[in-house]
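# Structural overview for review
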Amino acid sequence: MQRITFLFIACLYLALTACTKADSPQKSAVAVEKSPAPDVIVTSLANASILKLSDLKGKVVLLNFWATWCPPCREELPSMMKLNSFMAGKPFQMVAISIDEGGKPEIESFYKESGFSLPTYLDESGASVKAYGVTGVPESFIIDKRGVIVKKVIGGFAWDSPEAVSFLEGLMRQETP
């Protein structure tokens, strides 16, 4: 019985820590709901252009931290692709920041093999991970048109669900002061 209990606890521990970086120290969250989103600068995987998060004010932003090696990240990618397609032409911007250590070649290879594709950005300095207090992936932040974090989502999520789409559309309808 003790052996079964030990195995259960060990499996539970592994499941809970599966998508955390072993070499990342625990950080207290800097980015919290109802606070201004930390301004970060990232580089587009597609064309190496620079994106400053504060330049997206006036749009609802889905900021997602992910990695190619993370199973929950891979599971939520199709719903993110559907959401991004559905939101085309609307005041919405998806910013998927990869934390893969292999950088651009690793991500491009993953996209080629999987058929997935998202507006992906790189932050080789790790400043965005620190600014948002990210401790694992996937971890997402919904930022309103004023640049305020309205929701933090830890773990995988069905981004194309009617509830998620309705929530985001509601944020897009809000007036910006």
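Below is a short write-up of the structure. A quick note: this is a predicted structure, and the numbers were derived from the prediction, not measured.

Now for the packing of aromatic side chains. In the structure shown here, the tally under the stated rule is eight aromatic pairs. Ring geometry for Trp66 versus Phe110: centroids 6.0 Å apart, planes at 50 degrees, classification tilted. You can see Trp66 sitting in strand E3 (residues 60-66) and its partner Phe110 sitting in helix H3 (residues 103-114), a full 44 residues away along the chain. Side by side, Trp66 and Phe110 carry an identical accessibility label, which is buried. Plain terms: the ring middles of Phe110 and Tyr111 are 5.9 Å apart, the flat faces sit at 45 degrees to each other, and that makes the pair tilted. The burial state of Phe110 is the same as that of Tyr111; both residues are buried. Of the aromatic side chains, those joined through ring pairs into one cluster are Trp66, Phe110, Tyr111 and Phe116.

Once that is clear, we can look at the sheet that holds strand E5 (residues 120-122). In sheet architecture, strand pairing relies on hydrogen bonds along the backbone and comes in two forms, parallel and antiparallel. Pairing within the open sheet is mixed, and its seven strands lie in the order E2-E1-E5-E4-E3-E6-E7. Looking at strand neighbours, the two that pair on one side only are strand E2 (50-52) and strand E7 (149-154), the edges of this open sheet. In this sheet, neighbouring strand axes are inclined to one another by 30 degrees on average, regardless of whether the strands run parallel or antiparallel. With three bridges joining them, strand E1 (residues 41-44) and E2 adopt antiparallel strand pairing.

Per the counting criterion, the structure on display carries six salt bridges. Among the ionic pairs, Glu139 bridges to Lys152, the shortest N-O distance being 3.5 Å. One end of the pair, Glu139, is in strand E6 (residues 139-143); the other, Lys152, is in strand E7, and 13 residues separate them in sequence. Given the relative accessible area of 23%, Lys152 is considered partly exposed. Where Arg146 meets Asp144, a salt bridge forms, and the shortest distance between an N and an O atom there is 2.7 Å. A relative accessible area of 2% places Asp144 in the buried class.

What counts, and at which threshold
- Residues numbered from 1 in each chain as written.
- Predicted model: local features only at pLDDT ≥ 70, side-chain atom pairs only at ≥ 80, totals over all residues.
- Heavy atoms only, no water.
- Phe/Tyr/Trp six-rings, centres within 6.5 Å; stacked < 30°, edge-to-face > 60°.
- Helix = DSSP H or I, 4+ residues; strand = E, 2+ residues; numbered from the N terminus.
- Buried < 20%, exposed > 50% of the residue type's maximum accessible area, 1.4 Å probe, protein only.
- Pairing = 2+ DSSP bridges.
- Axes fitted to C-alpha atoms, helices over the stretch in contact; angles between N-to-C directions.
- Salt bridge = Lys/Arg side-chain N within 4 Å of Asp/Glu carboxyl O.

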